[in-house]
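The chain contents come next:
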Amino acid sequence: MDTERLARIEDHFKTKFGSTPQFYARAPGRVNLIGEHVDYCGYSVLPMAIQQDILIAVASNNMSEINLSNTNPRYCDFSNTVHDIAIDTTRPFWYNYFLCGFKGVQEHLGLSETVGMNCLVDGTIPANSGLSSSSALVCCAGLATMAANQQTISMKELAEICTRSERYVGTQGGGMDQSISFLARKGSAMLIDFEPLRATEVSMPPGAVFVIASSCVEMNKAATAHFNVRVAECRIAAKILAKAMSLRWQEVVKLKDVQDAQQVSTMDMLAMVETYLHPEPYSRHEICSALELSNTQLDSMLLSQNTTHVQSFKLYQRAKHVFGEADRVSEFRLACHGAPGQGGTDAAFLRSVGELMNASHSSCRDLYECSCDELDDLVNICLKSGAVGSRLTGAGWGGCTVSLVPAERLPAFMDGVRGGFYEADPRRMHQLAENFFATEPAAGASILKHQPTAN
Ligand code: GLA
């Protein structure tokens, strides 16, 4: 851990709270290599943790208060008692994410008295960039709450608790971000499977470098309905497909449930989409009559608070993306498995995973409609500058791309993208080093004991 950073945080903490921190909790952000918008449909994803993280300096207090401060002056201080944590979903306050993690662990532990905490948050993950700064804050807060109460919860359980509790902000996310933040291993990307949650190391051959580039379009998934609309479309598609296939559709929740019930491959599921769904958007009326639901039942069973206004749903396109993307994750994993070891990079391996990444981006853009012009431009510039694969990463609608670049082409790639995308618009040159960088798989969340610094 960067000792200068710890010393700076310790000083800030002393000034703010008049004592030294007892410990630090740390949780990393992530970049998803492939498997976008499939986790909440039950399918595996393949992310890796990045070095950028959320670090919280913590000392307990005996006033049953949560006192939060942030080293970034853009984020205001916040205090609340440890009782009756209410999360205001009407606005995306930064501390809502802390409260989610706190409340999740508090409920899980069922403690009659949760200890009060003075916390100073320091984050290095660019906000609203699709690198999971919000989930890292939820995870870090959950971990800090566990440690402050001197309890032990496994990393897997913490990932599941934080996945559920982040939904208090109103976004119906899957578990990718929280799982990688807790379960990451330094040096490996991870294949994350759900139900049951499992993380398996996937090593990348030497010579392959992943580069993250921000589109400079901010995306806060809690501030718009895009994300929840997609979740709803997938749920509805799952029910309609299951009913058309004469399965026990009332029990089906996710698209993967349909595949499991049918016991066929994801490729077969793509064929079923062609047979049973139509490309024209579905109206509420059509969905209600197909599922024998009233409008009110549709709202309460399949939609969320911020999606009840939606009148038409693209089920065919969303389901096609999900089954196709699930298949690409397996292919990517298989390719990594067969890739050369320490002996050097195999051009064929790079080409095949690069193609999978490109196909993933096209599917996100055309079928899932979660890209934007800036992301598409950036992907094209990355490919022209020497990447073998490039795609949006995270929820989309802004945020970052991830590109796979052969190591020997890295300097030319960095120059090409800098000139082609960032210098083309001077506003994008602001904080370039934070927005455009090569990354390596970092370690998952941890607790650090406080070590008094020299000063
Ligand atoms: C967000 C969500 C994740 C996942 C991605 C898209 O990051 O939090 O659960 O759905 O979007 O792949």
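Residues numbered from 1 in each chain as written. Predicted model: local features only at pLDDT ≥ 70, side-chain atom pairs only at ≥ 80, totals over all residues. Heavy atoms only, no water.

Student: Please explain helix 13 (residues 373–384) as it appears in this structure.
Tutor: An α-helical turn contains 3.6 residues, so a residue and the one three or four places further along point in the same direction. A rise of 1.5 Å per residue sets the reference length of helix 13, with its 12 residues, at 16 Å; its end C-alpha atoms lie 17 Å apart and thus fit the reference within 8%. Taken as a whole, helix 13 has its buried residues at L375, D376, L378, V379, I381 and C382. Buried residues along helix 13 sit in contact with strand 8 (208–214), helix 12 (347–366), strand 11 (389–393), strand 12 (400–406) and helix 14 (410–422). Looking at the residues trailing helix 13, positive phi occurs at G386, about 120°. (Helix = DSSP H or I, 4+ residues; strand = E, 2+ residues; numbered from the N terminus. Expected span 1.5 Å × (residues − 1). Buried < 20%, exposed > 50% of the residue type's maximum accessible area, 1.4 Å probe, protein only. Contact = heavy atoms within 4.5 Å.)

Student: For this particular structure, what's the right way to read the packing of aromatic side chains?
Tutor: Where two aromatic rings form a pair, the distance of their centres and the angle of their planes describe that pair. In the structure shown here, the tally under the stated rule is 10 aromatic pairs. Measuring from centroid to centroid gives 5.8 Å for Y75 and W94, while their planes differ by 50°, and the two rings are tilted. Here Y75 is found in the loop between strand 3 (65–70) and strand 4 (78–81), whereas its partner W94 is found in the loop between strand 4 and helix 2 (95–109), with 19 residues between them in sequence. Seen in terms of ring centroids, F413 and F436 are 6.4 Å apart; in terms of plane orientation they differ by 50°. Their pairing is tilted. With F413 in helix 14 and F436 in strand 13 (residues 436–439), this residue pair connects regions lying 23 residues apart in the sequence. Of the two residues examined, F413 and F436, each falls in the buried class. Chaining the aromatic ring pairs together yields one cluster made of Y75, F78, F93, W94 and Y95. Seen from the ring of Y168, K103 lies directly overhead, with NZ or CZ sitting 5.2 Å from the centre. (Phe/Tyr/Trp six-rings, centres within 6.5 Å; stacked < 30°, edge-to-face > 60°. Lys NZ or Arg CZ within 6 Å of the ring centre and 35° of its normal.)

Student: Would you mind going over the site of the ligand with me for this structure?
Tutor: Close contacts around the ligand come from 13 residues, with R30, E36, H37, D39 and D177 the closest. Contact distances for the ligand include 3.0 Å between an oxygen atom and a side-chain N or O atom of R30. E36 is positioned with one of its side-chain polar atoms (N or O) 2.6 Å from an oxygen atom of the ligand. For the shell around the ligand, the per-class residue count stands at four nonpolar, four polar and five charged. (Near = heavy atom within 4 Å. Polar contact = N/O pair within 3.5 Å; in protein donor to acceptor, adjacent residues only side chain to side chain. Nonpolar A, V, L, I, M, F, W, Y, C, P; charged D, E, K, R; others polar.)

Student: Explain the pairing of strand 5 (residues 116–123) to me, please; I cannot follow it from the model alone.
Tutor: Of all eight residues in strand 5, seven are buried; the element is thus mostly enclosed. As defined by bridge partners, strand 2 (residues 46–61) adjoins strand 5 across eight bridges and the pair is classed as antiparallel. Across the sheet, the residue bridging to L55 is D122, located in strand 5. Bridge count for strand 3 against strand 5 is five bridges, and the pairing is parallel. When the bridges of strand 5 are listed, I66 appears paired with M117. (Pairing = 2+ DSSP bridges.)

Student: Which parts of the structure should I look at to understand the packing of helix 6 (residues 226–244) against helix 9 (residues 284–291)?
Tutor: Between two packed helices, the angle of one axis relative to the other and the distance separating the axes together describe the packing. Running from N to C, helix 6 and helix 9 point in directions that differ by 45°, and their axes come no closer than 10 Å. Taken together, helix 6 and helix 9 sit at an angle that is classed as oblique. Considering the relative orientation of helix 6 and helix 9, their crossing is left-handed. Of helix 9, the residues touching helix 6 (which contributes I236, K239, I240 and K243) are I287, A290 and L291. Class assignment for the residues of the contact of helix 6 with helix 9 results in five nonpolar, no polar and two charged. (Axes fitted to C-alpha atoms, helices over the stretch in contact; angles between N-to-C directions. Parallel < 35°, antiparallel > 145°, perpendicular 65-115°, else oblique. Left-handed = near helix turned anticlockwise from the far one by under 90°.)

Student: Before we go on, may I ask you to explain the sheet that holds strand 14 (residues 446–449) in this structure?
Tutor: Pairing between the strands of a sheet is mediated by backbone hydrogen bonds and can be parallel or antiparallel. Strand order in this open sheet of six strands is 4-3-5-2-1-14, and the pairing throughout is mixed. Unpaired on one side and paired on the other, strand 4 and strand 14 mark the two borders of the sheet. Strand-to-strand, the axes of this sheet are offset by a mean angle of 25°, without reference to chain direction. Pairing between strand 3 and strand 4: four bridges, direction antiparallel. Paired with N67 across the bridge in strand 4 is S79. In this fold helix 2 packs onto strand 2, strand 3, strand 4 and strand 5, with an angle of close to 140° to the strand it touches most, strand 3.

Student: What exactly am I supposed to notice about the nonpolar core here?
Tutor: Side chains of nonpolar character tend, in soluble globular proteins, to be buried together. L33, F98, L255 and F332 are the most contacted members of the largest nonpolar core, which totals 134 residues. If near-sequence neighbours (up to four positions away) are discounted, F332 is found in contact with L33, I34, L46, M204, V353, L356 and M357. (Core = buried A, V, L, I, M, F, W, Y, C linked by side-chain atoms within 4.5 Å.)

Student: Honestly, helix 9 in this entry has me stumped. Any pointers?
Tutor: Along helix 9, the residues classified as buried are R284, I287, C288 and L291. Buried residues of helix 9, seen end-on, are gathered within an arc of 95° and therefore sit on one face of the element. Buried-residue contacts for helix 9 involve helix 6, strand 9 (282–283), helix 10 (295–302) and strand 10 (312–313). (Arc of directions from axis to C-beta.)

Student: So what exactly am I meant to see when it comes to unusual backbone geometry here?
Tutor: Glycine aside, a negative phi is what most residues show, and trans is what most peptide bonds show. For the bond from E195 to P196, the omega torsion is 0°, close enough to zero to count as cis. With respect to the element layout, P196 can be found in the loop between strand 6 (189–193) and strand 7 (198–202). Positive phi values are uncommon outside glycine, yet E195 reaches one of about 45°. Among the secondary structure elements, E195 is positioned in the loop between strand 6 and strand 7. We classify E195 as exposed; its relative accessible area is 62%. Unlike most non-glycine residues, S246 shows phi in positive territory, near 55°. Of note, S246 is situated in the loop between helix 6 and helix 7 (255–262).

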